[in-house]
Each structure stands twice: as structure tokens, then as C-alpha cells.
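Residues per chain are reported as follows:
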Amino acid sequence: MTTHQAGPVPGDRRWKALAVCLTAAFMTLLDTSIVNVALPSVERGLHADEAALSWVMSGYALTFGLSLVPAGRLGDMRGRRQTFLTGLALFTLASAACGLSSGAAWLVLFRLVQGASAGLIAPQTSALIQQMFQGPERARAFGMMGSTIGISTAVGPLAGGLLIQASGGADGWRSVFYVNLPIGVAVFCAALRLLPRSPGSPGRRECFDLPGVLLLGSGVLALMLPLVQNQQWHGRLKWALLPAGAGLLAAFWSWERHQGRRGRAPLVDLGLFRLRSFTLGALLSLVYFAGFTTLFFVYTLFLQNSMRYSALEAGLSSMPFALGAAVGAAAGGRLVLRFGRRTVVAGLSTVAVGMLGVIAAVQFVPGRAVAWGVGVPLLVAGFGSGLTISPNTTLTLSRVPVGRGGAAGGVLQTGQRIGSAAGIAVVGSVYFAYLARRGSAATALQLGLLTSIGIILLALLLACADLRERRVHPEGERTPEAARQGS
């Protein structure tokens, strides 16, 4: 297998290129949550039914998750700059089409395209960081990426509320999509000038693994559909898709091994999973995203439906988490070089403590003042999230060869998307089940958050198990190439 390294990039230009990548990442991640507060406006403006509104949200998440691994592999093969620019152009055009939609069906269709193009962009960001930075600078860059993830997740409802309030009227939802146009054009022009050129993998048998794409895509789709449609699809038959998805992923694994034995480049280099740092980090990321992203789902519902907060007020209430995440990610980028996985353990513990504080505030702070009471706990939880995401990303990708960085980043982020969908399905079920029994909304929120904390504690156990493993077996691990040569 042939890998490639780009030529040196001047220091100032690298950081400017990083800013371009992170701006695009922020824009695509923001669109996972910014539309939440726009759904009532979409319903009024397009006379959309519940099914269409559900697909406006879940369709983006589905196509985003489905395209990540193939997009990462495409970037490894054909060049990350070209793939990034293609995805950004498609995302900008799809955003314009969403804003111009004349009916709910058209909006759903363009959201699917928008999600797929976001999936083209996402794995190139982590791969470009690996390509442009080394050592402490790479950890710092991943820290900035972690800040971007944390902030974009938290400020989506706030940004949507501000845009809709400023636009007003039945068509206020269109501004949520139009805001991407000037940003997308500016980022595209900057990317043309700043992103480093890197050739794709020139190996003799580097062809795109279409059967692998179909097997992986259908497996991920079967896993994600019942999760993202949990509230809309009633009955238990939907859960039959989960074992079907597991079977398709097992077939994908078998096919990829077959590709490797034939000497052909697979969609995912299974040798990556011989790296304990990659396997554990990807699993930990999946579990953690199942826990922390659900906070905004149930908390925003509680504020708007039970406390009668406006979309803007609900968005503002999540800002402490965003601020804490930014500070925590910046600190985590430095601390991970010194403390390694212990930084992640500290981060996960801090998130759990912060979310327990949110539960306590909901219990003891009366009425509409609850948002003030949860401010400090959210700040603590956000700081812990920053200490978790960016150090874990640094550790997960630390020993991945640069030539496989895109595919590895796609696997990592696919796990995050599946984790988020699974967490929302589980925690949402707990929250809505209690409300259906005419229980207190505050108690429903507390039960949902306790479920989230349980998931986060599972991620903490994984991180602690790695600490114990390293004490018993402190030897290093081999790269996928070395592992194959030794087998």
C-alpha cells in the first residue's frame, strides 16, 4: 500500500487553512441542531405534516452519517483539498435550494443532499489536520476542532432563534438556510487559496470499493433508521432492522478482509482496528456522543414545552455549555500531551458531575428561574466535554498513517453520528414515556439526564480500562503496516 505526504506548508498558512476547515465544520455541524427551532416556522410556511418535519431533521443526520466513511476514503484516494471543495460547493448549493423550497417534499430532498455534502467535508477536516500538523501543534489543532464541535452543538438553537426572530413572518425558517450562502462562498474562496494540495494515493490497485460502500451504507442505514425515527415509527417491528444492520456490517467486515487478502485497497483498512488507541477511542467516542448530545435534546424540549421559553431564550440558556466546551477543548489540547488518556478520564468525570448539578438545579430552582440555576452546572459539563472530545480525537488518530487519515476520520465520525442517534432514541424514550403517564416534566427531564449520565459513566469505564491495560502492558503498539508485516 502506498501512502503520501504533502509538501511542507508555511506555519501561518497552516493555521489559516485550519481556520477555513473549522469554519466549514462549524457550519455543517450547526445544521444538525439549528433547524430544531425552525420546525414550527416550516410547519406554518409549507403546511408540512409531522412526517415531513421529522425527515427535515432525521434525513440530514442519515445522509451525513452514511457518507462519512466513503467520503474519507475518497479524500485519501483523490486528494482532500478537491474532496473538501466539492463537498463545500454542494453544501452551499443545497442550502440555497433548501431556502428556496416551495414544498415540504422539496425541502426534505434538499436536506438529504445537504447532509451528504456535509459528510463529504467532515472527514477531510481531521485528515487535513493530520497532514498539516505534528506533535504539540497537532494536539492544539485537534483542541480547536473539539471546541468547534462543542460550540456548534450548543449554539445551534440560539443561532436559529436569532435568525427566525430577525426574519419574522411565515418564511422566517428560510434564513436558517440562507445564512450558509455568504459563509459557504467565503470559505470556498479561502479554501482555494489556502488548503494544501495533496495527491491521492497513487497505488497501482487503488480503486473505489463499491461493494464495500453498499454493504457499509446499508448496514449503517439499517442501524440508524429505527433510532432517528423512534418517535415517528410506532410499534416494535422497526427494531428488527438492528440485527439486520449488524448482519450487513458483519458481511462488510468479511468483504473488507477478502479485499485485503486479494491485495486490493479496502474501503476501511481493518488493520486500523489492531491499534488499541484507534479501536478504544472510536468506541469511547460513540458511547460519549450517545450521552452528551442528548442533554440539549431533552433540556430544550423541557424549556420550550414546559417552561414556555421562546426559541431564543432556550438557545441562550445553553450558552454556558458552549463557553465551557471552548475553554475545556483549548486546555485539553495541551494537557493530553502530558497526561494522555487521564485527560479523557478527568473530562468524563467532570461532565458527569456537571450533569448531576443540572439535575439538582431542576429539582431546587423554582419556575422559569431554572435556566439561571443550571448555568454553572452547564459550564462545568461543557468544560468536561472539551476535555473529552479533543484529547480523545488526538489519541484515537495519533498512530493512524496520514494516508489513511480520511477513512479513519470517517469511521470515527460515523460512530459519533450513530451514538448521537442511539442516545436520543434511548433518552427520548425515557423522557416521553414518563410524560405520557402525566408525570412532572421536571422529573421526566431528571430521569432522562440520569440515563445520559449512565451512558457517560460507561464511556468513563472504557477510559479507565485503558488506563489499567496500559499499566499492565505498557509497550507501544504498531501501525497497521507494521502489524500486517508481522502477521
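None of the values given here were measured: they were computed from a predicted structure.

Caption draft 1: View of the packing of helix α11 (residues 276-292) against helix α17 (residues 375-397). Relative to each other, α11 and α17 sit at 155°, their axes nearing to 8 Å. As the angle between them shows, α11 and α17 are arranged roughly antiparallel. Where α11 crosses over α17, the handedness of that crossing is left-handed. In contact with Ser277, Phe278, Gly281, Ala282, Leu284, Ser285, Tyr288, Phe289 and Phe292 of α11, α17 contributes Ser385, Thr388, Ile389, Asn392, Leu395, Thr396 and Leu397. Considering only residue class, the contact of α11 with α17 consists of nine nonpolar, seven polar and no charged.

Caption draft 2: Quick look at a nonpolar patch on the surface. A surface patch of nonpolar side chains, about 280 Å² in accessible area, is lined by Trp106, Leu109 and Val113. Considering the arrangement of structural elements, one finds Val113 in helix α5 (residues 104-132).

Caption draft 3: Region of the structure containing the layout of surface pockets. Space inside the largest pocket adds up to approximately 1500 Å³. Lining the largest pocket are 48 residues, with Thr32, Asn36, Met57, Phe297 and Ile424 sitting closest to its centre. Of all elements in the fold, only α1 (11-30), α2 (39-46), α3 (50-78), α5, α6 (135-167), α9 (210-228), α12 (294-306) and α18 (405-436) reach the threshold of two or more residues within the lining of the largest pocket. In terms of residue count, α18 provides more of the lining of the largest pocket than any other element does, eight residues in total.

Caption draft 4: Examining the packing of α3 against α18 more closely. Here α3 crosses α18 at 170°, and the two axes come no closer than 7 Å. Judged by the inter-axis angle, α3 sits roughly antiparallel to α18. Of the residues in α18, those touching α3 at Phe64, Gly65, Leu68, Val69, Gly72, Arg73 and Asp76 are Gly405, Gly406, Ala407, Gly410, Val411, Gln413, Thr414 and Arg417. Across the contact of α3 with α18, the residue classes break down as five nonpolar, seven polar and three charged.

Caption draft 5: Quick peek at a positive patch on the surface. A cluster of basic residues, Arg13, Lys16, Arg193 and Arg197, forms a positive patch on the protein surface. Along the polypeptide, Lys16 turns up in helix α1.

Caption draft 6: Inspection of the pattern of salt bridges at higher detail. Taken as a whole and assessed by the stated rule, the structure comprises five salt bridges. Among the salt bridges present, the one from Arg111 reaches Asp31, with a minimum N-O distance of 3.7 Å. Separated by 80 residues along the polypeptide, Arg111 in helix α5 and Asp31 in the loop between α1 and α2 bring together distant segments of the chain. Comparing Arg111 with Asp31, the two get one shared label, buried.

Caption draft 7: Geometry of the environment of Ser147. Looking at the element boundaries, Ser147 is found in helix α6. Sequence separation of Ser147 and Thr394 is 247 residues, and the distance between their C-alpha atoms is 13 Å.

Caption draft 8: Structural view of the nonpolar core. Judged by nonpolar contacts, the single largest core of 127 residues is most densely connected at Phe84, Tyr288, Phe321 and Leu348. In terms of residues, this core owes the most to one element, helix α19 (residues 441-472), which gives 12 residues. Those residues in contact with Tyr288, other than ones at most four positions away along the chain, are Leu348, Val351, Ser385, Thr388, Ile389, Ile456 and Ala459.

Caption draft 9: Looking closely at the packing of aromatic side chains. Scanning all chains against the criterion turns up 12 aromatic pairs. Between the aromatic rings of Tyr60 and Phe64, the centroid separation amounts to 5.8 Å while the plane-to-plane angle is 90°, which identifies the pairing as edge-to-face. Placement of both Tyr60 and Phe64 in helix α3 is noted, with a separation of four residues, approximately one turn of the helix. Both residues of the pair, Tyr60 and Phe64, count as buried. Both rings, one in Trp253 and one in Phe273, keep their centres 5.4 Å apart while their planes meet at 55°; by these two values the pair is tilted.

Definitions and cut-offs
- Residues numbered from 1 in each chain as written.
- Predicted model: local features only at pLDDT ≥ 70, side-chain atom pairs only at ≥ 80, totals over all residues.
- Heavy atoms only, no water.
- Axes fitted to C-alpha atoms, helices over the stretch in contact; angles between N-to-C directions.
- Helix = DSSP H or I, 4+ residues; strand = E, 2+ residues; numbered from the N terminus.
- Parallel < 35°, antiparallel > 145°, perpendicular 65-115°, else oblique.
- Left-handed = near helix turned anticlockwise from the far one by under 90°.
- Contact = heavy atoms within 4.5 Å.
- Nonpolar A, V, L, I, M, F, W, Y, C, P; charged D, E, K, R; others polar.
- Patch = residues over 30% accessible without salt bridge, like charges linked within 9 Å, V, L, I, M, F, W, Y side chains within 5 Å.
- Areas by Shrake-Rupley, 256 points an atom, 1.4 Å probe, with all protein chains shown as cover.
- Salt bridge = Lys/Arg side-chain N within 4 Å of Asp/Glu carboxyl O.
- 1 Å grid on protein atoms, 1.4 Å probe; cavity = no way out; pocket = protein on both sides within 12 Å on 5 of 7 lines; lining within 4 Å.
- Points joined across faces, edges and corners; volume = space filled by probe spheres on them.
- Lys, Arg positive; Asp, Glu negative; His and termini not counted.
- Charge placed at Lys NZ, Arg CZ, Asp CG, Glu CD.
- Buried < 20%, exposed > 50% of the residue type's maximum accessible area, 1.4 Å probe, protein only.
- Core = buried A, V, L, I, M, F, W, Y, C linked by side-chain atoms within 4.5 Å.
- Phe/Tyr/Trp six-rings, centres within 6.5 Å; stacked < 30°, edge-to-face > 60°.

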